[in-house]
Amino acid sequence: MQADREQLLDQLLLGYEVEQFYGREAELLDSRQFDAWLDLLADDIRYWMPLATNQEAGNWDREHSREGQDLNWFDEGKFELVQRVKQIQTGLHWAEEPVSRTTHMFSNLQVEPRDDGHIEAATRFLVYRNRTNVETDFYVGKRRDHLRRDQGGALKISRREILLDQHVLLAKNLTTFF
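Residues numbered from 1 in each chain as written. Predicted model: local features only at pLDDT ≥ 70, side-chain atom pairs only at ≥ 80, totals over all residues. Heavy atoms only, no water.

A closer look at the overall build of the chain
If you tally the helices and strands in the chain, you get three helices and six strands. What you see in the chain, going N to C, is helices and strands ordered as α-α-β-β-α-β-β-β-β. Rg of the C-alpha trace for the chain: 17 Å, near the compact-globule value of 16 Å for 178 residues, within the 12% margin. Over its C-alpha atoms, taken along the principal directions, the chain stretches across nearly 60 × 45 × 30 Å. Taking all 178 residues of the chain together, 42% fall into the buried category. Counting only carbon and sulfur atoms, one obtains 51% of the accessible surface of the chain, whose full area is about 10600 Å². Side-chain charges of the chain comprise 23 positive and 32 negative groups, with the mean position of each set lying 4 Å from the other. (Helix = DSSP H or I, 4+ residues; strand = E, 2+ residues; numbered from the N terminus. Rg over C-alpha atoms; globule rule 2.2 N^0.38 Å. Buried < 20%, exposed > 50% of the residue type's maximum accessible area, 1.4 Å probe, protein only. Areas by Shrake-Rupley, 256 points an atom, 1.4 Å probe, with all protein chains shown as cover. Lys, Arg positive; Asp, Glu negative; His and termini not counted. Charge placed at Lys NZ, Arg CZ, Asp CG, Glu CD.)

A closer look at helix α1 (residues 2-30)
Counted at 1.5 Å a residue, the expected span for α1 with its 29 residues is 42 Å, and the 42 Å between its end C-alpha atoms agrees. Those residues of α1 not exposed but buried are L14, G15, V18, F21, Y22, E25, A26, L28 and L29. The inward-facing, buried residues of α1 abut α2 (34-38), β3 (101-113), β4 (119-131), β5 (135-149) and β6 (155-164). (Expected span 1.5 Å × (residues − 1). Contact = heavy atoms within 4.5 Å.)

Structural notes on unusual backbone geometry
A cis geometry characterises the amide bond from E97 onward to P98, with omega recorded as 5°. Structurally, P98 is set in the loop between α3 (78-89) and β3. The phi dihedral of N108 falls on the positive side, at around 55°, and the residue is not glycine. The residue N108 is located in strand β3 in this model.

A word on the nonpolar core
Core analysis: the biggest nonpolar cluster contains 34 residues, and V18, W37, Y47, Y139, L147, F177 and F178 have the highest contact counts within it. Looking at this core, the elements with two or more residues in it are α1, α2, β1 (41-50), α3, β4, β5 and β6. A total of six residues in this core trace back to one element, the largest contributor, which is α1. Among all residues touching V18, those that are not within four sequence positions of it are L109, V111, I119, A121, L147 and L155. (Core = buried A, V, L, I, M, F, W, Y, C linked by side-chain atoms within 4.5 Å.)

Here's the deal with the side chain of N173
Mapped onto the elements of the fold, N173 is located in the segment after β6. Note on N173: relative accessible area 8%, which makes it buried. If near-sequence neighbours (up to four positions away) are discounted, N173 is found in contact with W94, A95, R129 and Y139.

Focus on the environment of K156
When you line up the elements, K156 lands in strand β6. Between the C-alpha atom of K156 and that of Y47, which follows or precedes it by 109 residues, the distance is 13 Å. In this view, K156 contacts D39, L40, L41, A42, H146, L147, R148 and D150; residues no more than four positions away in its chain are not counted. In this structure the side chain of K156 is engaged in a polar contact, spanning 2.3 Å, whose partner is the backbone oxygen of D39. (Polar contact = N/O pair within 3.5 Å; in protein donor to acceptor, adjacent residues only side chain to side chain.)

Have a look at this one:
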């Protein structure tokens, strides 16, 4: 009984820590603190957004493009993410001049520690983006992350899979980080 309580307490504390981590991440993105956001990412991160496809009933396992086999919205590592941030920060990025205003919201957090020390975390998200007078975009979907601790014990995102709930991207560009 005591061991069950300790395990539940550990699970609750881990869930709270991951929730606070994601809240900080959203604030960094929304306030355009991209360099600080990059610090939340592991050096070997895989940041992947497959394409969604429309499927008949029963073919749901084919709803998103296959990893390593099909096209994706993006499949990036830390180097590519750093380059994207640098490009936005130049002030010469046509899709981000003037800059976007964003709000990142997440919910339905599920956290599962793994035996290898990694943490699997899943969320639902809504990202609102507004730019100029008339550009407004909503991105809705799911994120599946692998988190791990660095040498100092801080959480880092080592893998992020972003599943948009739309088949056709209606936004004029895809400069938003999820």
